[in-house]
Amino acid sequence: MSKIRESNRVLWLPDLSNEESIKNLIKDLIQLELESKKEPVYLLIMSDGGLLGNTYLLHSFLTKSITFPLVTVGIANVISAANAIFACGHLRLALTNTLFTLHKASTELGNISMSPDDLAGIKKELDSDTTQFFKVVTAKQKHHLNPCKLKVSGLKKLIKKSPDGDYVFGVDMAMKYGLADAIVESISEVMEIASEKLPYVLAKLKK
């Protein structure tokens, strides 16, 4: 595959709060699927997260509607909902300076007046959203070279210990937890490592 061809199959994760941007990404992914079902697509992730509804829409498409190998690449920051998209990769790579951030689901209430019952209902809904989100992030996939070793309860404990509710960790911990498959020293190594590792991943997918 030529370098020009490779560059055409490199995409950035858009703002997960922008539904139109997500739709445009899906359109690009469909085009790449029609061009080739065998050549990998590289999804670069440097994101502050976004809305869970948009995130689940994209997650569903990436996990159920494509056949090409997907390589997700963490760059600098993989925050909140972006972790669910990073987890979609058939191969999950992270640059050495990548920081991952996870926290519970949240909502903005603004100046709305809320009764105790309303607040209790919102808390129950957010707790449910948090559990669902953590299940997506920690899902153990047979094709991952470094399957996730964290359970939802374990992730909740890590976040509970964090003083500000944000659990921030680097690539070494991501490897320890099984949230990444490999660390890359530079962006130039991404395709090199992918060429080396993808055959093992694809072999696992066929089993």
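Residues numbered from 1 in each chain as written. Predicted model: local features only at pLDDT ≥ 70, side-chain atom pairs only at ≥ 80, totals over all residues. Heavy atoms only, no water.

Chemist: Hey, could you go over the overall build of the protein for me, with residue numbers and the actual values?
Modeler: The helix and strand tally for the protein stands at eight helices and seven strands. A buried classification covers 45% of the 207 residues belonging to the protein. Across the protein, every contact between residues at least 6 apart in sequence was considered, and the portion connecting residues at least 24 apart equals 71%. Carbon and sulfur atoms form 54% of the exposed surface of the protein, whose accessible area is close to 11200 Å². (Helix = DSSP H or I, 4+ residues; strand = E, 2+ residues; numbered from the N terminus. Buried < 20%, exposed > 50% of the residue type's maximum accessible area, 1.4 Å probe, protein only. Contact = heavy atoms within 4.5 Å. Areas by Shrake-Rupley, 256 points an atom, 1.4 Å probe, with all protein chains shown as cover.)

Chemist: Can you tell me about the packing of aromatic side chains, naming the residues and giving the values?
Modeler: Tallying each qualifying case throughout the model produces six aromatic pairs. Each ring, one from Phe133 and one from Phe134, has its centre 5.8 Å from the other, and the planes form 45°; the classification is tilted. Phe134 shares its class with Phe133; the two are buried. Ring geometry for Phe169 and Tyr177: centres 5.8 Å apart, planes at 80°, overall edge-to-face. As far as the burial class goes, Phe169 and Tyr177 line up, both buried. Among the aromatic residues, ring-to-ring pairing joins Phe86, Phe100, Tyr167, Phe169 and Tyr177 into one connected group. (Phe/Tyr/Trp six-rings, centres within 6.5 Å; stacked < 30°, edge-to-face > 60°.)

Chemist: Give me helix H8 (residues 190–206): which residues, what numbers.
Modeler: Relative to the 24 Å expected for 17 residues at 1.5 Å per residue, H8 spans 23 Å between its end C-alpha atoms, a close match to the ideal helical length. Listed as buried for H8 are Val190, Ile193, Ala194, Leu198 and Val201. (Expected span 1.5 Å × (residues − 1).)

Chemist: Please set out the environment of Ser36 residue by residue, giving values where relevant.
Modeler: Tracing the backbone through its elements, the reader meets Ser36 in the loop between helix H2 (19–35) and strand S2 (41–47). Spatially, the C-alpha atoms of Ser36 and Thr67 are 9.1 Å apart, while their sequence positions differ by 31 residues. Side-chain polar atoms of Ser36 contact the backbone nitrogen of Lys38, separated by 3.2 Å. (Polar contact = N/O pair within 3.5 Å; in protein donor to acceptor, adjacent residues only side chain to side chain.)

Chemist: How would you summarise the pattern of salt bridges if you had to cite specific residues and measurements?
Modeler: This structure, assessed with the given rule, holds four salt bridges. The salt bridge partner of Arg9 is Glu39, with a shortest N-O separation of 3.9 Å. Of this pair, Arg9 sits in the loop between helix H1 (3–8) and strand S1 (10–12) while Glu39 sits in the loop between H2 and S2, and the two are 30 residues apart along the sequence. What makes Arg9 buried here is its relative accessible area of 1%. (Salt bridge = Lys/Arg side-chain N within 4 Å of Asp/Glu carboxyl O.)

Chemist: So, the side chain of His144: which residues are in play, and what are the values?
Modeler: Considering the arrangement of structural elements, one finds His144 in the loop between helix H5 (116–137) and helix H6 (152–161). A polar side-chain atom of His144 sits 3.0 Å from the main-chain carbonyl oxygen of Gly89. Ignoring sequence-local partners within four residues, the contact set of His144 consists of Ala87, Gly89, His90, Arg92, Asp181 and Lys204.

Chemist: Please provide a residue-by-residue account of the nonpolar core, values included.
Modeler: Counting residues in hydrophobic clusters, the biggest one holds 44 residues, and the most contacted among them are Leu13, Leu29, Leu43, Leu58 and Leu62. In terms of residue count, H2 provides more of this core than any other element does, five residues in total. Discounting residues that sit within four places of it in the chain, Leu29 has contacts with Leu11, Val41, Leu58, Phe61, Leu62 and Phe68. Grouped together as the second largest cluster of nonpolar side chains are 16 residues, Val71, Val73, Ile75 and Ala194 included. (Core = buried A, V, L, I, M, F, W, Y, C linked by side-chain atoms within 4.5 Å.)

Chemist: A description of the pairing of S2 should follow, citing residues and the corresponding values.
Modeler: The buried count for S2 comes to six of seven residues, which makes it a mostly enclosed element. Here S1 pairs with S2 via three bridges, running parallel. Paired with Val10 across the bridge in S2 is Tyr42. Pairing geometry for S2 and strand S3 (residues 70–79), over six bridges, is parallel. Along S3, the bridge assignment pairs Ile45 with Gly74. Traced from S2 through helix H3 (residues 52–64) to S3, the parallel crossover comes out right-handed. (Pairing = 2+ DSSP bridges. Right-handed = clockwise from strand over helix to strand, strands pointing away.)

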